[in-house]
Amino acid sequence: MTDTSKGIDWLIKTLRSDQSPDGSWDYPFETGLSTDAYMIILLRTLEINDEELIKELAERIVSRQDTNGSWKLFYDEREGNLTATVESYYALLYSGYYDKKDKRLQNAKKFILSKGGIEKVSMFTKVMLALTGQLEWPSFSHLPVEIILLPLSFPINFYSFSVYGRANFTPMMVLADKKLSIKTDKSPDLSDLLDGRLDSGSWIRSEEMRSLFSFIGDGVKNLIGLPQQLHKLAIQRAKKYMLDHIEDDGTFYSYYSSTFLMIFALLSLGYKKSDPIILKAIEGIKSMKCVIDGHPHLQYTTADVWNTSLIGYVLQEAGISPADPMVGAANQYLLKRQHTKFGDWVIHNPASLPGGWGFSDINTINPDVDDTTASLRSISRMGSGHHDAWSRGINWLLSMQNDDGGWAAFEKNTDTKLFEFLPIEKAEFILTDPSCADITGRTLEFFGNYTNLSKDHSSIKKGVKWLLNHQEGDGSWYGRWGICYIYGTWGAVTGLSAVGIPGSDESIQKAVDWLYRIQNSDGGWGESCYSDNKRTYVSLGASTLIHTAWALDALISVSDKPTLAIRKGISYLLENLQKEDWTTAYPKGQGMAGAFYIHYHSYRYIFPLLALAHYRKKFET
């Protein structure tokens, strides 16, 4: 396939056939095997013997094992991933369909012990192992539950966590306090995976962390009231926070991990396994099941709003009329999912009314900037009937700009550096929500191309300044929610261009030169997931459709004519649109560096279509 219009037509035809009756696109949001493993562990621990689901999930896990016995988070993770391997090994044993004599599990055990045993797994996995009786809880909680009572004026308080941090650490603080541990007759024994002795001290890694823990403890002691009464109040406050943030489907914030932890936290507070809240939560995470390559996968959340907003937008960029039934149905779906409730974002942004969009189909209280700009792009060409939604969305977006000039994902000004010293792995990703180049760039792109906001508006000028101040020395930008420097550079370049920064600008030229330097000989681009953990660009060694589309879209936006490199990139896209191999399944999104990667099944259609549409519009018409 080498004709631009034919490629665009094929992509549009594919998207048209994949649209759901309600107007959305429910392409899978695939996040590895953790959720599948945790589902087996959850069902077995609660003695819910859904044998068909357990067996099918176990089969999916086995099918993903590498030849050295490990499981990986991404294709080029050379030695495998210890945490993923422990989770998969544990789930397969607990499923009851595999035992320790199985050659595949013996290989997994060898790998685990060669990497230091279960003492070396991630903090989240240690919590799961502790609450299911495989590890001992620390003798004291790293984050006392009383932190939920600290005033907003205290340097670290409950609402200085990001919303993702609150969603996961609220049940974790309760569990660490109650030290819940549930074993069943089917519980495996993982003691042979302990390479040494795991004591409470190993959960805290340095004297600086111990000092910060003491600092938080001192703040808790300064609260007015008797310690026992304060402790009881904190537990009640934590329980209320969880119950107040349950979505209609029963999930806590529509996240798998927080719902999983909430179920156990409620059990630790005396709830029965048969309690309607717990049963509905289980059904809620079960409802996020999708099928990939014939196997069930428990999604971390659904991505229906994100998929639909992006697809509705790119279809119109490709020339599909907003009156087309496909686009019309998508936009009606989006309008119904604009938020009307106040969420936690109002704590740091009390002057604004609701008006954003969330990520998942059932999200009603956790809007984000990225979904809001994407949804507004899609509805921007509608006729009358959307003006109220439009103005509410614009006002919410403007109100969410951080004081530093950038935009973050979910909340405003939740980027305290004190979290760098907390005794929590990946604290930067779990507990903070800082301004980032990808979201700041796309927000500027939206304001520049879809509104009449003046280029001299203070919000635009502050956003541009933030981006220019955060460009890397090599000319790239780091993208927080994608892989990674190509993603951030695409967002930054297209955003700066949209608000009037010329292609001749030094920063733009540095970015363009960087993109040209990293282009592969086949005309494409490809970046490894190692980039985000190493915080420097790492080549994948192969091209991918999506990285190629991002790089091309950035170059097209600032180029006066189609350079040889751009034409080679377009040829790569057209020749590989229908390709199916490891590069098309490679994660292009991330939630937590080195731990949580996302394969958006929609991206292989969305971003090639966007790049091809912009190429045709600029250079072929």
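Above this note sits the structure.
Residues numbered from 1 in each chain as written. Predicted model: local features only at pLDDT ≥ 70, side-chain atom pairs only at ≥ 80, totals over all residues. Heavy atoms only, no water.

Enquirer: How should the environment of I311 be read in this particular structure?
Expert: One can find I311 in helix α12 (residues 304–317). Among all residues touching I311, those that are not within four sequence positions of it are L15, W25, Y27 and I606. (Helix = DSSP H or I, 4+ residues; strand = E, 2+ residues; numbered from the N terminus. Contact = heavy atoms within 4.5 Å.)

Enquirer: I keep staring at the packing of aromatic side chains and nothing clicks. Help me out?
Expert: The way to describe two aromatic rings as a pair is by their centre distance and the angle between their planes. Evaluation of the coordinates by the stated rule reveals 44 aromatic pairs. Judged by centre distance (6.0 Å) and plane angle (85 degrees), the rings of F410 and W481 are edge-to-face. Taken as a pair, F410 in the loop between α15 (387–399) and α16 (427–430) and W481 in the loop between α18 (458–469) and α19 (485–498) lie far apart in primary sequence, 71 residues in all. Given a relative accessible area of 15%, F410 falls into the buried group. You can call W481 partly exposed: its relative accessible area is 22%. (Phe/Tyr/Trp six-rings, centres within 6.5 Å; stacked < 30°, edge-to-face > 60°. Buried < 20%, exposed > 50% of the residue type's maximum accessible area, 1.4 Å probe, protein only.)

Enquirer: Hey, could you run me through helix α2 (residues 34–45) in this one?
Expert: Given 3.6 residues per turn, any residue in an α-helix points the same way as the ones three and four places further on. The end-to-end C-alpha distance of α2, which contains twelve residues, comes to 16 Å, matching closely the 16 Å that a straight helix rising 1.5 Å per residue would cover. The buried fraction of α2 amounts to eleven of the twelve residues, a majority that puts the element mostly inside the structure. Where α2 is concerned, the buried positions are T35, D36, A37, Y38, M39, I40, I41, L42, L43, R44 and T45. Taken together, the buried residues of α2 touch α3 (51–63), α4 (82–95), α6 (123–131), α10 (256–268), α11 (276–286) and β3 (295–298). A positive phi of about 55 degrees marks E47, the residue just after α2. (Expected span 1.5 Å × (residues − 1).)

Enquirer: Can you walk me through unusual backbone geometry in this structure?
Expert: Note: most residues except glycine have negative phi, and most peptide bonds are trans. Following I483, the chain continues into C484 via a peptide bond in cis, with omega recorded as -15 degrees. Along the chain, C484 falls in the loop between α18 and α19. The phi dihedral of D293 falls on the positive side, at around 50 degrees, and the residue is not glycine. Within the secondary structure, D293 is located in the loop between β2 (289–292) and β3. Accessibility expressed as a relative area gives 69% for D293, which makes it exposed.

Enquirer: What is the right way to look at the nonpolar core in this model?
Expert: In a soluble, globular protein the nonpolar side chains are often hidden away together inside. Residues M39, L315 and F607 are the most contacted members of the largest nonpolar core, which totals 200 residues. For this core, the element with the most residues is helix α25 (residues 603–619), which contributes eleven residues. Beyond its immediate sequence surroundings of up to four residues, F607 is in contact with L310, W490, I546, A549 and W550. (Core = buried A, V, L, I, M, F, W, Y, C linked by side-chain atoms within 4.5 Å.)

Enquirer: Looking at this model, I keep getting lost on the packing of α2 against α4. Mind explaining?
Expert: As a packed pair, α2 and α4 sit with axes 9 Å apart at the nearest point and diverge in direction by 35 degrees. With respect to the hand of their crossing, α2 and α4 are arranged in left-handed fashion. Residues S34, A37, Y38, I40, I41, R44 and T45 of α2 pack against E87, S88, Y90, A91, Y94 and S95 of α4. In the contact of α2 with α4, the residues fall into seven nonpolar, four polar and two charged. (Axes fitted to C-alpha atoms, helices over the stretch in contact; angles between N-to-C directions. Left-handed = near helix turned anticlockwise from the far one by under 90°. Nonpolar A, V, L, I, M, F, W, Y, C, P; charged D, E, K, R; others polar.)

Enquirer: Where do I start with the pairing of β3 in this structure?
Expert: Within a regular strand, side chains alternate between the sheet's two faces. Inspection of the sheet shows β2 paired to β3 by four bridges, in the antiparallel sense. Counted as the bridge partner of K289 is L298 from β3. Following β2, the chain reverses through two residues before pairing antiparallel with β3; D293 in that reversal takes a positive phi of roughly 50 degrees. (Pairing = 2+ DSSP bridges.)

Enquirer: What is the right way to read α18 from this model?
Expert: The end-to-end C-alpha separation of α18 is 16 Å, in line with the 16 Å expected for twelve residues at 1.5 Å each. For α18, the complete set of buried residues consists of S459, I460, G463, V464, W466 and L467. Projection of α18 onto a plane perpendicular to its axis shows the buried side chains occupying an angular sector of 160 degrees, all on one side. The exposed residues of α18 that point more than 90 degrees off its buried face are K465 and N469. Along its buried surface, α18 packs onto α15, α17 (437–450) and α19. (Arc of directions from axis to C-beta.)

Enquirer: Please clarify how the pattern of salt bridges should be interpreted in this entry.
Expert: Opposite charge on two side chains permits pairing when their charged atoms draw close. A complete count under the given rule lists 24 salt bridges for this structure. A salt bridge links E79 to K115, with the nearest nitrogen and oxygen atoms 2.5 Å apart. In this pair, E79 sits in the loop between α3 and α4 while K115 sits in the loop between α5 (103–114) and α6, placing the two residues 36 residues apart along the sequence. Classification of K115 by relative accessible area gives partly exposed; the value is 33%. Put simply, K100 and D192 hold a salt bridge, and the shortest N to O gap is 3.3 Å. Here K100 is found in the loop between α4 and α5, whereas its partner D192 is found in the loop between α7 (163–178) and α8 (207–221), with 92 residues between them in sequence. Residue classification places K100 among the partly exposed positions, given a relative accessible area of 33%. Via salt bridges that share partners, E30, D36, R60 and R64 belong to a single interconnected network. (Salt bridge = Lys/Arg side-chain N within 4 Å of Asp/Glu carboxyl O.)

Enquirer: Honestly, the packing of α2 against α10 in this entry has me stumped. Any pointers?
Expert: Geometrically, a packed helix pair is captured by the angle between its two axes and the distance between the axes. It is the contact of α2 with α10, at a shortest axis distance of 11 Å, that shows an interaxial angle of 15 degrees. Relative to α10, the element α2 is oriented roughly parallel. Viewed along their axes, α2 and α10 form a crossing whose handedness is left-handed. Residues T35, Y38, M39, L42 and T45 of α2 form the contact with α10, whose participating residues are Y256, F260, I263 and F264. (Parallel < 35°, antiparallel > 145°, perpendicular 65-115°, else oblique.)

Enquirer: Please clarify how the sheet that holds strand β6 (residues 589–592) should be interpreted in this entry.
Expert: Strand pairing in a sheet takes place through backbone hydrogen bonds and is either antiparallel or parallel in direction. Read across the sheet, three strands follow the order β1-β7-β6 without closing on themselves; strand pairing throughout is antiparallel. The two strands at the open ends of the sheet, each matched to only one other strand, are β1 (29–30) and β6. The pairing of β6 with strand β7 (residues 596–600) spans three bridges and is classified as antiparallel. Within β7, the position partnered with G589 by the bridge is I598.

So far we have only geometry, and geometry alone does not tell us how the molecule works.
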